[in-house]
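Spelled out from the first residue to the last, the chains are:
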Amino acid sequence: MIQSNRSPIVAACVLVASIILGGCGSGVFVGADPAPPRQPRQPADPATRGADRPDGWSITLPSRKEEPWAGQWDRQTAETLEVHPARYERIDAPILTIPLSVSGLENPDANKEDPRFWNRRYRDVTTEGFSVLDPVMERALEMGFREVWFWGFSGMHDRRDSLSYEVMPWFHLDAHTPVMKQTWPDFVEKWKGRGLRFGLWLGGIAAPNFGSTLEPKHRWITRADFEFVGETIARADDAGFDAVGLDAFSWILAKRDRPEWAKWKMTNDTGQRQPGIAMDLLEYLHQRPDTRDVRLYTETRAPYGPFLAEAPTWFLMSSRNNPKPGKPTVEQLEPPKIEDVVNPGHEIVGMISINGWTLDEYREARRKLDAWGYRTAVNINVLYEVGLMP
């Protein structure tokens, strides 16, 4: 019997979800190294200021009106700078990301016979199960990856309104075929036994899907929805995922929150703002008994200060041949000098993504990310593109 911190009602729901998945909860998945424990909160206070700084030391932060809209700005001295140590232990192992389903623009072969837009490279997963990915996992281990994340794990949801067009898939398994549900638990157990950890990219955290993949119902998040988000992440944990990425977390800050440093209007197109909701959500998930051991990641690149102290963050890189706004190229990437000072022990993941990469540019990006203390993630499509994945 798997020990659980859930209430009897919640535990029953988890049991049903486990049956649907075709296996037991996360207690059966062993072999991969567990995530390091979180550290107690260390609020910024005078005791953290001035430590190991020479006389006259100062740092110039972005202005109050510049990205990333952090809680400190302009020139700070050793006495005035607030330091927020990371509450987690940094992980350095590189991450491989796999888009199990992709949008129509990225999957031109998809048609009405494949409304979920399953990735054409792995489309046999729907008929043969997850063992189709065994060669990919083997190659990932050979290349030094110790963590594999899935994008679009649930399959693409139907697009019925403006929000459903904007956000990535939530964690609903009603579009998984019977063989996918049956083979997933054994697949996870096998590869965790080989030393891999698994991550889930949870789409649209600012506008969750309160329906299903086949019947989506998206709306903007409020505090009343924290329990729904928590139950979703608990189910992901029971399915064997060790980490969860909160897609478009920055939307919560920009659309739902009203941080003390941002003079944004109290209302916008999403309705009345809820000041502090972004940090409250992270704290809720980190304190909830059935989600506090899941490693959470925010996206896109949360501001230095309290948010980076609370959870690691994630950003995407683009290639020289296909540069994208907000996704730096190798030349545009800069070292995290501010975060190194404000958030000692931080973890920032830089994902080599998009397309247009050459092998030399890929290797240059890996070298730069490693040298500057970022954690590297690689979209598997880039590995196919540069010839490193058969």
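All values derive from a computational prediction rather than experimental measurement.

Draft legend 1. View of the overall build of the protein chain. For the protein chain, the helix and strand inventory stands at twelve helices and twelve strands. For the protein chain, the proportion of its 390 residues judged to be buried stands at 53%. Long-range contacts, defined as pairs at least 24 residues apart, comprise 72% of the intrachain contacts of the protein chain with a sequence gap of at least 6. For the protein chain, the accessible area works out to roughly 17,600 Å², and carbon and sulfur atoms hold 52% of it.

Draft legend 2. Layout of the sheet that holds strand β5 (residues 197–202). One closed barrel holds the eight strands; their spatial order is β3-β4-β5-β6-β9-β10-β11-β12, and the pairing between them is parallel. Strand-to-strand twist in this sheet, taken as the mean axis angle between neighbours without regard to direction, amounts to 30°.

Draft legend 3. Region of the structure containing the packing of aromatic side chains. What the rule picks out here adds up to 28 aromatic pairs. Consider the rings of Trp149 and Trp151, whose centres lie 6.3 Å apart with planes at 45°: the pair is tilted. With respect to burial, Trp149 and Trp151 carry one shared label: buried. These aromatic residues form a ring-pair network of at least three members: Phe130, Phe150, Phe153, Phe171, Trp184, Phe187, Phe198 and Phe241. The side chain of Arg53 reaches across the aromatic face of Trp57, ending 4.6 Å from its centre. The ring of Tyr384 carries the charged tip of Arg121 above its face, separated from the ring centre by 3.7 Å.

Draft legend 4. Structural detail: the pattern of salt bridges. In the structure shown here, the tally under the stated rule is 19 salt bridges. For Arg288, the salt bridge is made with Glu231, and the minimal N-O distance between the two is 2.0 Å. Highlighted residues: Arg288 in the loop between α8 (277–287) and β9 (295–299) and Glu231 in helix α6 (residues 226–238), separated in sequence by 57 residues. Residue Arg288 is classed as buried on the basis of its relative accessible area, which comes to 10%.

Draft legend 5. Examining the pairing of strand β6 (residues 243–246) more closely. The side-chain alternation of β6 yields two buried faces, one formed by Ala243 and Gly245 and the other by Val244 and Leu246. Where β5 lies against β6, four bridges are found, and the strand directions are parallel. Looking across to β6, one finds that Gly199 is bridged to Ala243.

Draft legend 6. Looking closely at helix α11 (residues 359–371). Between its terminal C-alpha atoms α11 stretches 18 Å, which fits the 18 Å expected from 13 residues at 1.5 Å a residue. Regarding α11, the residues found buried are Glu361, Tyr362, Ala365, Arg366 and Leu369. Down the axis of α11, the smallest arc covering the buried residues is 140°, so these residues share one side. The exposed residues of α11 that point more than 90 degrees off its buried face are Asp360, Arg367 and Ala371. Looking one or two residues beyond α11, the residue adopting positive phi is Gly373, at roughly 85°.

Draft legend 7. Seen up close, the pairing of strand β1 (residues 58–61). Of the two faces of β1, the one lined by Ile59 and Leu61 is fully buried and the one lined by Ser58 and Thr60 carries no buried residue. Relative to strand β2 (residues 74–77), β1 is paired through four bridges, and the arrangement is antiparallel. If you follow Leu61 over to β2, its bridge partner there is Asp74.

Draft legend 8. Representation of the environment of Tyr122 in the model. Structurally, Tyr122 can be placed in the loop between β3 (95–99) and α2 (125–128). Considering only alpha carbons, one finds Tyr122 and Ser101, 21 residues apart in sequence, at a separation of 8.9 Å. Excluding residues within four positions of it along the chain, Tyr122 makes contact with Ile98, Pro99, Leu133, Val136, Ile380 and Tyr384.

Rules and cut-offs
Residues numbered from 1 in each chain as written. Predicted model: local features only at pLDDT ≥ 70, side-chain atom pairs only at ≥ 80, totals over all residues. Heavy atoms only, no water. Helix = DSSP H or I, 4+ residues; strand = E, 2+ residues; numbered from the N terminus. Buried < 20%, exposed > 50% of the residue type's maximum accessible area, 1.4 Å probe, protein only. Contact = heavy atoms within 4.5 Å. Areas by Shrake-Rupley, 256 points an atom, 1.4 Å probe, with all protein chains shown as cover. Pairing = 2+ DSSP bridges. Axes fitted to C-alpha atoms, helices over the stretch in contact; angles between N-to-C directions. Phe/Tyr/Trp six-rings, centres within 6.5 Å; stacked < 30°, edge-to-face > 60°. Lys NZ or Arg CZ within 6 Å of the ring centre and 35° of its normal. Salt bridge = Lys/Arg side-chain N within 4 Å of Asp/Glu carboxyl O. Expected span 1.5 Å × (residues − 1). Arc of directions from axis to C-beta.

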